[in-house]
Each structure stands twice: as C-alpha cells, then as structure tokens.
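# An overview of the molecular structure
Below, each chain spelled out in residue letters.
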Amino acid sequence: MIKVLVVDNHPIIRTGLKLFFEHSHEIDVIGGVGSGIEIFEFVRRYPVDVIISEIDLPELNGITALRAIKKEHQNLKVIMYSHHPEEIYAISVLKAGASAYVSKTVDTDTLKEAILKVHQGDIYLSNNMAKHLTFDEAKKTTSRLYKRLSTREVEVLKLLSSGKKNKEIAMELDINEKTVSTYKARLFKKLKVTNLVDLIHQAKHLELT
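Residues numbered from 1 in each chain as written. Predicted model: local features only at pLDDT ≥ 70, side-chain atom pairs only at ≥ 80, totals over all residues. Heavy atoms only, no water.

## Considering the confidence of the model for the protein
Spelled out, the test is: Each residue carries a pLDDT score, the predictor's confidence in it, ranging from 0 to 100. Should any heavy atoms of two residues lie within 4.5 Å, those residues are counted as being in contact.
Chain-level pLDDT for the protein is 85 on average; 89% of the residues reach the 70-or-more range. In the model, residues 135-147 has pLDDT below 50 throughout and makes 11 contacts with residues more than four positions away in sequence or in other chains.

Structure representation (structure tokens):
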C-alpha cells in the first residue's frame, strides 16, 4: 500500500481524499495536516511514501515546505495539488523538487493516476503540459513557460502578496534580505511594474497569487 499524507488547510479536502481512497487496495491516506509546519512532525513520526500538498498553506507555504522536506527526505515523493494555473506553477514546483503538479479541477481518478506514477519514480504532468514540454525540447527553443517566474520569484511574490516585509521573507526563506530585494527587482521587471502595489495587483490579475 502506498502511504499518503494530505496537506491542506481545508478539512473537507483532507477528509474527502481520505474517504475516496478508503476502499483502495493500492493507496492508503494515513493522515492529513493543515499547515506546512505540521508536515515535518508527521513524517518524522510516521512512514510516508507520497505527500499531496496545496501551495497556499498557513505558517509555511507549500513550495518552501517542499524544498525543506526534500532536504530531509530525498526519497519522499511530493505532489503539489492546487487551484493555481498549471502553466505558471507546474515548472516551478518541479524545479523545487516535486514529482507532480495536479490541478484541483481534475477528477479523483487523475489524482490516483498521479499518485501511482510518482510512487514508481516518474514525473506526472497533465497531457497538455507534457505536450508543451515535448514540443519545446524537440525544437530546442526556449519555451514561454521558461520565461515565467523562477521558483524563488514565485515564493517571494506570494509572500509579498500576503503582506510580509523583506526581513520577514528573508527569515522564512532562509536567505539574505538583500537577496529578497534582488528578487523583488526582478519581479518588477518581469511583471512590468514600478511599485509594490502595482506588483501585487498585476500578480492577482495574472492569477500568479
């Protein structure tokens, strides 16, 4: 049985996935937690094969938690399961160490397929994303997907949008405050804005946060 941990701050998601896989002969949802911080305590106490995690989490966002958890547990597979646009976030979470990005708009059979695939050591992406990547690799050209924000830029943008200051972001991501300023400058340039208010507004308009 594949032991799965569900990480989502909505109890209905945690309960729903547990109920869906209740009679599965392959997948066992052994627990659910509501924040990024709680992941670490859970995996230290219980054996987990696959984590299904939302990006938007209290205390510690999903991408930051993903980076940290992979440092401690390299063999642990992580599926990011979120409502954010796949074309924006899929590449970022894979770069951060995830094995899959699954949109919350998919049916549960698709989620099951992703769990089985990543448990075997493969990467899971939707057919649409896979076609984009295959096409771009074949053409040996830079995809518009790769012109999107880097993983770190996405993390910084989300934290800025939640109202956090440079110093707080530096502490949460364990980076220098000056580095946060550098990322902010890059975000201004990539999203073509000149101030924080417009940056956050543009990010929401483009569904980046």
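Once the structure has been displayed, the description carries forward.
## Details of the side chain of S35
To keep it simple, the criterion reads: Helix and strand labels come from DSSP, where a helix needs a run of H or I of at least four residues and a strand needs a run of E of at least two; each type is numbered from the N terminus. Burial classes follow relative accessibility: with a 1.4 Å probe on protein chains only, a residue under 20% of its type's maximum area counts as buried, one over 50% as exposed, and anything between as partly exposed. Any N or O atom pair separated by 3.5 Å or less is treated as a polar contact, with the protein-specific requirement of one donor-capable and one acceptor-capable atom, and with residues adjacent in sequence counted only for side-chain atom pairs.
Among the secondary structure elements, S35 is positioned in the loop between β2 (27-33) and α2 (36-45). Take S35: its relative accessible area is 1%, and that puts it in the buried class. In terms of polar contacts, S35 uses its side chain to reach the side chain of E59, at 3.5 Å. Residue contacts for S35: discarding those within four places in its chain leaves V7, L57, P58 and E59.

## Points about the packing of aromatic side chains
We apply this condition: Here the aromatic set is Phe, Tyr and Trp, taking the six-membered ring for Trp, and pairing holds for ring centres within 6.5 Å; pairs whose planes are under 30 degrees apart are stacked, those over 60 apart are edge-to-face, and all others are tilted.
On inspection of all chains with the given rule, the structure shows two aromatic pairs. Seen in terms of ring centroids, F20 and F21 are 4.8 Å apart; in terms of plane orientation they differ by 80°. Their pairing is edge-to-face. Given a relative accessible area of 35%, F20 falls into the partly exposed group.

## Thoughts on helix α9 (residues 177-190)
Each full turn of the α-helix corresponds to 3.6 residues, which orients residues three or four apart in the same direction. As a reminder of what qualifies: Helix span, as expected, comes to 1.5 Å for every residue beyond the first. Read the arc as the range of directions from the helix axis to the C-beta atoms.
The end-to-end C-alpha separation of α9 is 20 Å, in line with the 20 Å expected for 14 residues at 1.5 Å each. For α9, the full list of buried residues reads V180, Y183, K184, L187 and F188. What you see down the axis of α9 is that its buried residues fit within an arc of 145°, all on one side. Opposite the buried face of α9, by more than 90 degrees, sit the exposed residues K178 and K189. Its side-chain oxygen at 2.7 Å from the backbone nitrogen of K178, N176 defines the N-terminal cap of α9. Residue K192 follows α9 closely and has a positive phi angle near 55°.

## Let's talk about the packing of helix α3 (residues 62-72) against helix α7 (residues 151-161)
We apply this condition: To get an axis, a line is fitted to the C-alpha atoms, and for a helix only the part in contact is used. The angle between two axes follows their N-to-C directions and goes from 0 to 180 degrees. In these notes the angle categories are as follows: under 35 degrees is roughly parallel, over 145 is roughly antiparallel, 65 to 115 is roughly perpendicular, and the rest is oblique. Here the term charged refers only to Asp, Glu, Lys and Arg, the term nonpolar to Ala, Val, Leu, Ile, Met, Phe, Trp, Tyr, Cys and Pro, and the term polar to all other amino acids, Gly among them.
Where α3 meets α7, the closest approach of the two axes is 9 Å, and the angle between their N-to-C directions is 135°. One element, α3, and the other, α7, form an angle in the oblique class. Taking contact as the criterion, the partners of I63, T64 and R67 in α3 are, on α7, T151, R152, V154 and E155. Per-class residue counts for the contact of α3 with α7 are two nonpolar, two polar and three charged.

## Some words on the pairing of strand β3 (residues 50-53)
Using the following cut-off: Two strands pair if DSSP finds at least two bridges between them. Seen with its strands pointing away from the viewer, a crossover is right-handed if its path from the first strand over the helix to the second goes clockwise.
Covered by surrounding structure in β3 are V50 and I52 together with I51 and S53, the residues of both alternating faces. Bridge count for strand β1 (residues 2-7) against β3 is four bridges, and the pairing is parallel. From the neighbouring strand, L5 faces β3, where its bridge partner is I51. Across four bridges, β3 lies against strand β4 (residues 77-82) in parallel orientation. Following the sheet pairing, I51 is matched in β4 by V78. Note on the crossover from β3 through α3 to β4: the handedness is right-handed.

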